[in-house]
Each structure stands twice: as structure tokens, then as C-alpha cells.
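# Structural overview for review
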Amino acid sequence: MKKSSFAALILGTVSGVLFALGMCMALLPEWNAFTTGVIFIGVGIVLGINTLVLWCRLENKKMPKMNGKNVLRTLYTVLSVLVLGIGMSLCLVGQQIVWGTLVGLLGMVMLIALIPMIKGIK
């Protein structure tokens, strides 16, 4: 693994964890940490964008184009992650294990479908 890929992996993971923790802090009223959660969300987004820019510079690659195909892929990815998150929430918060598991599995299948959608089938 190249240093640039390892750095992108670490920074991407940290930004994802900060974003997810911020979402939990902002959306769970039991935590009473809405303002801090919004700050964590912002830091996670900024760090994620910086990770993409850093990786592109280290790899001497151009930023991905903002064409219709990439926008639709991004929207599909966000939808897939939301479906997976809804399934987890149903299991953990709603205590509906069967429905939560089924919705979570649907989200996982949707995420796995991204591989042939992006790489293609050869």
C-alpha cells in the first residue's frame, strides 16, 4: 500500500467517525449535545473534503468530474447508507430486530451493488 493511500485511509476513517459521532450527538436527544454534534459534523465534512483533495494531489490525479453519472452515484451511495442506518436504528433504538435486520441487509446489498456500478462487470 502506498503512503498516499494509507494516509487517505486513515484521514477518511477519522472524518467518517467524526461525522457519525456528530450525527449521533445531534440527533439523539438523550445525549443533550446538539451544538457539539453539529460542530463534529462540520469538522467531519471538512476533513473528508480535505482528504479527497490531499489524496488527489499526492497521486497526481485530477478531482472527479461533477457530471450526471457521478452525482447519481453519490446520491445512490447516500441513500444506501441511510437505508443501512435506518436498519441499525430499528434494531438498536426501536427494538424491532426482525425489521431492522431486513432493512439493514437491504442497505448492505445496495452498498455491495456499488462495486459493479462503479467498476463495471468484465
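Everything in this summary refers to the structure shown in the same document. Nothing here was measured: the structure is a model prediction, and the numbers come from that model.

This paragraph deals with the packing of helix H3 (residues 68–92) against helix H4 (residues 97–112). Contact geometry of H3 with H4 gives a least axis separation of 7 Å together with a crossing angle of 160°. With respect to H4, the axis of H3 lies roughly antiparallel. The two elements H3 and H4 cross, and the hand of that crossing is left-handed. Residue-level inspection shows Tyr76, Thr77, Leu79, Ser80, Val81, Val83, Leu84, Ile86, Gly87, Leu90 and Cys91 of H3 in contact with H4, the latter providing Ile97, Trp99, Gly100, Thr101, Val103, Gly104, Leu106, Gly107, Met108, Met110 and Leu111. When grouped by side-chain class, the residues that make up the contact of H3 with H4 number 15 nonpolar, seven polar and no charged.

This next bit is on the state of the cysteines. For the coordinates displayed, the defined rule picks out zero disulfides. Unpaired in this structure, Cys91 has its nearest cysteine sulfur neighbour in Cys24, at a distance of 15 Å.

Quick notes on the rules
- Residues numbered from 1 in each chain as written.
- Predicted model: local features only at pLDDT ≥ 70, side-chain atom pairs only at ≥ 80, totals over all residues.
- Heavy atoms only, no water.
- Axes fitted to C-alpha atoms, helices over the stretch in contact; angles between N-to-C directions.
- Helix = DSSP H or I, 4+ residues; strand = E, 2+ residues; numbered from the N terminus.
- Parallel < 35°, antiparallel > 145°, perpendicular 65-115°, else oblique.
- Left-handed = near helix turned anticlockwise from the far one by under 90°.
- Contact = heavy atoms within 4.5 Å.
- Nonpolar A, V, L, I, M, F, W, Y, C, P; charged D, E, K, R; others polar.
- Disulfide = S-S within 2.5 Å.

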